[in-house]
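Here's the letter readout for the chains.
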Amino acid sequence: MNLAQEIKNRLDIVDFISRYVNLKKIGSNYVGLCPFHSEKTPSFTVNKQKQFFHCFGCGESGDVITFYMKIENLEFKEAIKNLALELGLDADTLDENTKKENILLDINKLACEFFQNKLRNSNLALKYLEKRQITRKTQESFQLGYNPDDNSLLEFLLKKYTIKQINEVGILSNSYNIFGGRLMFPIHDEYGRIVGFAGRALHENQKAKYINTKETILFSKQKILYGFDKAKAFAKDYLIVCEGYFDCIRLHQEGLQCACATMGTNLSDYHIRLIKKYTNKIYFNFDTDKAGINAMLKNTKVLGKLDAYVVEFNTLGNQKEDPDSFVLKYSIDEYKKQLQNAKDYFSFLEEKILTQYNLQNAR
């Protein structure tokens, strides 16, 4: 990721512009008197979701960097340098990382195309997806693929890149095909770039059901939400945060496209900052087993920053269902009813604490 993009990721445009302009929230936008021309009636608008500003009076518009350049009368390079210093970013290191990122992104893109082509000829993977009732249209939309349990991936990538570069991307380990024989889920960042993969076991002798790309300069579980690149466009009213890849895919396939999934069971502060760029309301729909409930309890710190609700599937008494199985068993309409019946997060938290501890006997 280049320096300018990293700055835009870290600076919230509403907070930054509020240093210079007195903004008032009106509907989904923030409005104030334009700092670039004289006016008595506010025509300067800031959109938090899309992270841009526009003045309907003088026509000035842009992102947070554009605003800073204009308000301080700075050239692009000087503005970038100042903002990088403010955020504690090392410009030289980030520029070098950008070159490496571009190589890794291209390798991931090539690998994804390879997996998609292999899926078309894999009866095992196609039958599994058919069993899970994932349509061909959905398979293509999420770019699902299959990785053969052989050296064909390495041989394919070596046509363009070195062993060292291929190993750095995290889908091979010392040239060993760690994802061999698995259904492949490409993982995209907020901007739709493929930054990693998840692999689902298709053979009984594969010990781990799911494995992910190792941590790289592109991929971190603490910074990525699966499906968020698609969900953000539909998250104006709310976002659904699930636990599994198929949970997210199922909801999208059924038309509820404001769904994404964590990789693991924790939301990070970075996730929350990402979500708040698009919405302030989320439905937390982890599996209702012990691990899922404990995860919801552990997320108090970050969920307290959002208008958060918890879906438990209590209405039909199906504590063991996840979004995927629930929708298949009952329907997407019934799932939407469960959203309507969701508890706000702190009521859920209070209920679980009271269940675990007899507070009446506390002294």
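Everything numeric here is computed off the predicted structure, so don't read it as measured data.

Conventions used here
Residues numbered from 1 in each chain as written. Predicted model: local features only at pLDDT ≥ 70, side-chain atom pairs only at ≥ 80, totals over all residues. Heavy atoms only, no water. Pairing = 2+ DSSP bridges. Helix = DSSP H or I, 4+ residues; strand = E, 2+ residues; numbered from the N terminus. pLDDT = per-residue confidence, 0-100. Axes fitted to C-alpha atoms, helices over the stretch in contact; angles between N-to-C directions. Contact = heavy atoms within 4.5 Å. Parallel < 35°, antiparallel > 145°, perpendicular 65-115°, else oblique. Nonpolar A, V, L, I, M, F, W, Y, C, P; charged D, E, K, R; others polar.

Focus: the sheet that holds strand β12 (residues 281-285)
(1) Moving on: Taken in spatial order, the 5 strands make up an open sheet running β11-β10-β12-β13-β14, and their pairing is mixed. Two strands close off the open sheet at either side, each with one partner strand: β11 (259-261) and β14 (343-344).
(2) Moving on: Two strands pair when backbone bridges link them, and β12 and strand β13 (residues 307-310) are joined in this way by 4 bridges, in the parallel orientation. Paired with F284 across the two strands is V310, which belongs to β13.

A look at the confidence of the model for the protein
(1) Moving on: The share of residues in the protein with pLDDT of 70 or more is 89%, and the mean pLDDT across the chain is 88.
(2) Moving on: Mean pLDDT across the elements of the protein bottoms out in helix α13 (residues 290-298) (66) and peaks in strand β6 (residues 145-147) (98).

Considering the sheet that holds strand β9 (residues 210-212)
(1) Moving on: Across the sheet, which stays open at both edges, the 4 strands sit in the order β6-β7-β8-β9 with antiparallel pairing between neighbours. Either end of the sheet is taken by a strand with one partner, and the two such strands are β6 and β9. The sheet shows a mean angle of 35° between the axes of neighbouring strands, direction not considered.
(2) Moving on: Bridge count between strand β7 (residues 182-188) and strand β8 (residues 194-201): 7 bridges; the pairing is antiparallel. Bridge pairing links F185 to A198 in β8.
(3) Moving on: Sheet strands touched by helix α11 (residues 245-253): β7, β8 and β9. Its angle to β7, the strand with the most contacts, is close to 70°.

A closer look at the packing of helix α3 (residues 64-72) against helix α4 (residues 76-87)
(1) Moving on: Taken N-terminus to C-terminus, the directions of α3 and α4 make an angle of 110°; their axes are 10 Å apart at the nearest point. In terms of orientation, α3 and α4 fall into the roughly perpendicular class. Across from I65, Y68 and M69 in α3, the residues of α4 making contact are F76, A79, I80, N82 and L83.
(2) Moving on: Of the residues contributing to the contact of α3 with α4, the split by class is 7 nonpolar, 1 polar and no charged.

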